[in-house]
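# Structure at a glance
Okay, here's what each chain looks like letter by letter:
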Amino acid sequence: MRHDERHRTHRTGWLRAAVLGANDGIVSTASLVLGVAATGAGAQATLVAGVASLVAGAMSMAAGEYVSVSSQADTENADLAREKTELAENPRQEHAELTAIYVKRGLGESLASEVATQLMAHDALGAHARDELGISDTLAARPVQAALASAASFAAGAALPLLVVLLLPGAALMWGVAGSSLFFLAALGLVAARAGGAPLGVSAVRVTFWGALAMAITAGVGALFGVAA
């Protein structure tokens, strides 16, 4: 009987960037829209501010993800280059290091040595990258993938409150944007939890709570400045 295991670890790279981007898109754009609307600005000015937030935010997310993940990739590549040099210059010491790692994980000395020998004969750098450095193909840094996922998801998230601005009259704008954005955030939490295999309720509540807090604070600041004007 076939035993089919479905793991989700391979999704962590793009899932993190996508959830972060969509969450930021909804929260930042909805918060900005509420803040601008609270000052008494018209629907057109509010929409323009929201569109500007979408464009600027998507570019900022893409640039930020690319730079940060590129830094991670640079560190990984530097460690791999150093490990490659050490394997060429002192293979016995590297074999001993790998053997010690397997002994700590529960293998006997002789078996650990044999495993290290066979793995190094097959792919020495890959074995050390995975077991000594903790670098694997599944979790390796991918700057372009992270940047694209983050920018696209931010734009998609930001478009949701803007769509509400287009559809609702000015009198219902603030409550409509706030309520719909909380719904979108809860849905995002559910989708992210489903994709990552996490508890649905906890994820939805976490995302919605912080989004509500951000929108409330921004709307309050907008109202304060609006009254002052």
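The text that follows walks through the structure, step by step, so that each part is easy to find. (Residues numbered from 1 in each chain as written. Predicted model: local features only at pLDDT ≥ 70, side-chain atom pairs only at ≥ 80, totals over all residues. Heavy atoms only, no water.)

What follows deals with the overall build of the protein chain. Of the regular secondary structure elements, the protein chain holds seven helices and zero strands. Starting at the N terminus and ending at the C terminus, the protein chain contains elements arranged as α-α-α-α-α-α-α. Taken over 229 residues, the protein chain has a buried fraction of 37%. Looking at the protein chain as shown, the accessible area adds up to about 13,200 Å², and 65% of this sits on carbon and sulfur atoms. (Helix = DSSP H or I, 4+ residues; strand = E, 2+ residues; numbered from the N terminus. Buried < 20%, exposed > 50% of the residue type's maximum accessible area, 1.4 Å probe, protein only. Areas by Shrake-Rupley, 256 points an atom, 1.4 Å probe, with all protein chains shown as cover.)

Another aspect to go through is the pattern of salt bridges. As enumerated under the stated definition, the model contains three salt bridges in all. Note that R82 is salt-bridged to E86, the shortest N-O span being 3.2 Å. In this pair, R82 and E86 are both assigned in helix α2 (residues 43–89), four residues apart and thus about one turn of the helix distant. For R130, the salt bridge identified is with D131, shortest N-O distance 3.6 Å. Using a relative accessible area of 14% as the deciding quantity, one classes D131 as buried. Overlapping salt bridges, with partners in common, bring together R105, R130 and D131 in one network. (Salt bridge = Lys/Arg side-chain N within 4 Å of Asp/Glu carboxyl O.)

The next subject is the packing of aromatic side chains. Two descriptors summarise a pair of aromatic rings, namely the distance from one centre to the other and the angle between the planes of the rings. Applying the stated criterion across every chain, the model contains two aromatic pairs. When the ring of F209 is compared with that of W210, the centres are 5.1 Å apart and the planes differ by 80°; the resulting orientation is edge-to-face. Assessed through its relative accessible area of 48%, F209 is described here as partly exposed. Residue classification places W210 among the exposed positions, given a relative accessible area of 54%. (Phe/Tyr/Trp six-rings, centres within 6.5 Å; stacked < 30°, edge-to-face > 60°.)

In this structure, A152 sits in helix α5 (residues 143–167). For the pair A152 and A58, spaced 94 residues apart in the sequence, the C-alpha separation amounts to 7.1 Å.

On to the packing of α2 against helix α4 (residues 109–131). Between α2 and α4, the shortest axis-to-axis distance is 9 Å and the interhelical angle comes to 140°. Crossing hand, α2 versus α4: right-handed. From α2, L80, E83, K84 and L87 reach across to α4, where they touch M120, A124, L125, H128 and A129. Looking at side-chain class alone, the contact of α2 with α4 contains six nonpolar, one polar and two charged residues. (Axes fitted to C-alpha atoms, helices over the stretch in contact; angles between N-to-C directions. Left-handed = near helix turned anticlockwise from the far one by under 90°. Contact = heavy atoms within 4.5 Å. Nonpolar A, V, L, I, M, F, W, Y, C, P; charged D, E, K, R; others polar.)

In this section: α5. Helix length check: α5, at 25 residues, gives a terminal C-alpha distance of 37 Å against a target of 36 Å (1.5 Å per residue), a fit within 8%. The largest bend in α5 is about 25°, located at L160, with the proline P161 one to four residues further on. (Expected span 1.5 Å × (residues − 1). Bend = angle between axes of the 7 residues up to and from the residue.)

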